Amino acid sequence: MLLGKRNQRDAFERQAEKVFPSVFGTALRLTRSREEAEDLAQEAIVRAYEAWDRFDGSNFKAWILRIVTNLYINKYRQKQRTPQLGSLEDENAMEPTAVENEEPDRKLFDELVGSEVEEALGKVPEDFRLAVILSDIEGMTYQEIADATDVPIGTVRSRLARGRAILRKQLTEYARKEGFIKHGE
Amino acid sequence: MNDWIDVHALVDDELTPEQRVKVQEYIKNTPQAELEWYAVREVKAVLVTKCVHPECEETWKLCTKRLQEIDKTKRVESFVGRYSWAICGVFICVIGGAAFFNRMTGGSLRTNDVASASLVPISAPRSQTPDDVQKWLQDNLSKTMQVQPGRVSVVGGGQGQLKDGRRIAEAVMQDSDGELKLFVIEKTSAISDVEPIEGHSSYSGGTIKDVNCILWSNQGNEYILAGDRPIDQLCRVADTLSTH
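Keep in mind that what you see is a predicted model, and the values were worked out from it rather than measured.

## Looking at helix α3 (residues 31–50) of chain B
Link 1 in the chain: Between its first and last C-alpha atoms α3 of chain B spans 28 Å; for 20 residues at 1.5 Å apiece the expected length is 28 Å, and the two agree.
Link 2 in the chain: Along α3 of chain B, the positions that sit buried rather than exposed are Ala 33, Leu 35, Glu 36, Trp 37, Tyr 38, Ala 39, Val 40, Glu 42, Val 43, Val 46, Leu 47 and Lys 50 of chain B.
Link 3 in the chain: As for α3 of chain B, its buried residues are in contact with α4 (114–122), α5 (126–137) and α7 (153–177) of chain A together with α1 (3–11) and α2 (17–29) of chain B.

As structure tokens, this is what we get:
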């Protein structure tokens, strides 16, 4: 029996180790604090291990990121620090990601470094940010994001579009500030 | 068609083949939609290339440590849960065994316990004639008791219980060398602080509150004779008291 338990933990650890960078990265991008991210990631791993026998065996990464997301929503959200650049009330107020009449495929953001992109992402309101992180960084499908965040697919789609639009504005500002693009470009 | 959102869905590969054809057509015919398509791809590409996973080896080690602790706790809980009845049983047996052991050995009698027994005084024989003395001894101490006529007189006595619940009777006797006390305890038991007496194999010797005493047992009773005189003399007096 003890051996069985040990094998079970080994199997869980093998799976969890592979996706842990995603778990920790998502936790860090959500909490924006290394200390809180460590707590959140550890708690998510513990919760996942305790629920391991209920995992259906399909998509471990989506399953564990769902746990991270739910934990974050339930426990860490109160400490929200994100400056609100847009709110859920105008979630459906769609605006294009692109600026009218701009040159397509300009490779505007190639010069930006990772920390600048992370900072810009951190300024996106958290519901939109969560959708962008899960879709564009973690590669989850709309359905998986809908399951993880417990919202309909339609909401995921609009949050994603809105989140990308806000992020692009932020990135453009950074690029402009750094002189990678000039005003009016 | 929901314009911008569908452009995003196209980039995310979340459209059915039919929807994809429609959106592609829309992008082809709408310059702003084309711009949007480029913009979405650009944002996605920036996130994929610039947002690398942070270093997290130490945190993972902490996680594995916590998992080990959880397993350890679960093992203990499972063991206790499964064998709780056995653990309780062992405890009860230990407690019972200890109680039994204590009853069998812990209550071993010492000579001073005899002196500290609480006794209710009983009246002395009506007279010191050998018959009355013998009758008194047989009535109050032991039915089989005989005493050589004229050697001792009985001046009083008492009856009571020892700390272990056994009955004890006492006769305060007098002979030419002074006072003697004879105790009779029902049922023989080991008395811990006595030693064999050289030359008197049927007696053991000790002291009761610094007064010499000798012990012997007979027919299931324990006899103790105490007096402020040498052990030898006590043995000689005891020889005159036939307890058969």
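On we go from here.
## Remarks on the pairing of strand β4 (residues 167–175) of chain B
Residues and elements named next belong to chain B.
Link 1 in the chain: In terms of strand pairing, strand β3 (residues 153–161) meets β4 through 8 bridges, oriented antiparallel. Bridged to Ser 153 within β4 is Gln 174.
Link 2 in the chain: Sheet topology note: the β4/strand β5 (residues 178–186) ladder contains 8 bridges and is antiparallel. Pairing of Gln 174 across the sheet is with Glu 179, part of β5.

## Describing the packing of helix α2 (residues 34–50) of chain A against helix α3 (residues 60–76) of chain A
Two measures define how a pair of helices packs: the angle their axes make with one another and the distance between the axes.
All names here are of chain A.
Link 1 in the chain: For the pair α2 and α3, interaxial distance at closest approach is 9 Å and the crossing angle is 125°. Taken together, the axes of α2 and α3 are oblique relative to one another. Crossing geometry of α2 relative to α3 is assigned as right-handed. When α2 is examined against α3, the residues Glu 36, Leu 40, Glu 43, Ala 44, Arg 47 and Ala 48 are found in contact with a partner set consisting of Ile 64, Ile 67, Val 68, Leu 71, Tyr 72 and Tyr 76.
Link 2 in the chain: Looking at the contact of α2 with α3 residue by residue, the class counts come to 9 nonpolar, no polar and 3 charged.

## Quick look at the pairing of strand β9 (residues 221–227) of chain B
Remember that side chains alternate between the two faces of the sheet whenever the strand is regular.
Residue and element names in this part refer to chain B.
Link 1 in the chain: Across the 7 residues that make up β9, a large majority, 7, are buried.
Link 2 in the chain: Because side chains alternate across β9, one face comprises the buried residues Asn 221, Tyr 223, Leu 225 and Gly 227, and the other comprises Glu 222, Ile 224 and Ala 226, equally buried.
Link 3 in the chain: Bridge count for β5 against β9 is 7 bridges, and the pairing is antiparallel. Each bridged residue has a counterpart across the sheet, and for Leu 182 the counterpart in β9 is Leu 225.
Link 4 in the chain: Sheet analysis places strand β8 (residues 211–218) next to β9, joined by 6 bridges and oriented antiparallel.

## Remarks on the nonpolar core
When a protein is soluble and globular, its nonpolar side chains tend to lie buried together.
Link 1 in the chain: The biggest cluster of nonpolar side chains holds 62 residues, and the ones touching the most others in it are Val 23, Ala 27 and Ile 64 of chain A.
Link 2 in the chain: In this structure, Val 23 of chain A is in contact with Ala 41, Ala 44, Ile 64, Leu 65 and Val 68 of chain A, ignoring residues within four places of it in sequence.
Link 3 in the chain: Formed by 32 residues, the second largest nonpolar core is a distinct cluster that contains Val 154, Ala 169, Tyr 223 and Ala 226 of chain B.

## Let's talk about the confidence of the model for chain A
Residues and elements named next belong to chain A.
Link 1 in the chain: Across chain A, the average pLDDT comes to 82, with 76% of residues at or above 70.
Link 2 in the chain: Taking the mean pLDDT of every element in chain A, the minimum, 86, falls on helix α1 (residues 2–31) and the maximum, 93, on α2.
Link 3 in the chain: Here residues 82–89 is modelled with pLDDT under 50, and outside its nearest four sequence neighbours on either side it reaches 16 contacts, counting other chains as well.

## Let's talk about the sheet that holds strand β7 (residues 200–208) of chain B
Residue and element names in this part refer to chain B.
Link 1 in the chain: Within the open sheet, the 8 strands sit side by side as β1-β3-β4-β5-β9-β8-β7-β6. Their pairing is antiparallel. The open sheet has two edge strands, β1 (118–122) and β6 (195–197), and neither has a second partner. On average, each strand axis in the sheet is tilted by 30° relative to the strand beside it, whichever way the strands run.
Link 2 in the chain: As defined by bridge partners, β1 adjoins β3 across 5 bridges and the pair is classed as antiparallel. Paired with Val 120 across the bridge in β3 is Gln 159.
Link 3 in the chain: Contacts from helix α6 (residues 130–140) reach β1, β3 and β4 within the one sheet, and its direction differs from that of β3 by about 5°.
Link 4 in the chain: Running over the sheet, helix α7 (residues 231–240) touches β4, β5, β6, β7, β8 and β9 and is turned about 35° from β8.

## A word on the interface of chain A and chain B
Link 1 in the chain: Listed per partner, the contact involves 44 residues of chain A and 35 residues of chain B.
Link 2 in the chain: Counting only elements with at least two residues in the side of chain A that touches chain B, the list comes to α1, α2, α4, α5 and α7 of chain A.
Link 3 in the chain: Considering every element that reaches the side of chain A that touches chain B, the biggest residue donor is α1 of chain A, with 11 residues.

## Things to note about unusual backbone geometry
Residue and element names in this part refer to chain B.
Link 1 in the chain: Of note, Asp 13 is a non-glycine position whose phi angle comes to about 60°, a positive value.
Link 2 in the chain: Examined against the element boundaries, Asp 13 turns out to sit in the loop between α1 and α2.
Link 3 in the chain: In this structure, Asp 210 takes a positive phi of about 70° despite not being glycine.
Link 4 in the chain: Topologically, Asp 210 is positioned in the loop between β7 and β8.
Link 5 in the chain: The class of Asp 210 is exposed, set by 7 C-beta atoms lying within 10 Å.

So, how was this worked out
Residues numbered from 1 in each chain as written. Chains lettered and ligands numbered in written order. Predicted model: local features only at pLDDT ≥ 70, side-chain atom pairs only at ≥ 80, totals over all residues. Helix = DSSP H or I, 4+ residues; strand = E, 2+ residues; numbered from the N terminus. Expected span 1.5 Å × (residues − 1). Buried ≥ 20, exposed ≤ 12 C-beta atoms within 10 Å, placed from the backbone. Contact = placed C-beta atoms within 7 Å. Pairing = 2+ DSSP bridges. Axes fitted to C-alpha atoms, helices over the stretch in contact; angles between N-to-C directions. Parallel < 35°, antiparallel > 145°, perpendicular 65-115°, else oblique. Left-handed = near helix turned anticlockwise from the far one by under 90°. Nonpolar A, V, L, I, M, F, W, Y, C, P; charged D, E, K, R; others polar. Core = buried A, V, L, I, M, F, W, Y, C linked by C-beta atoms within 7 Å. pLDDT = per-residue confidence, 0-100.

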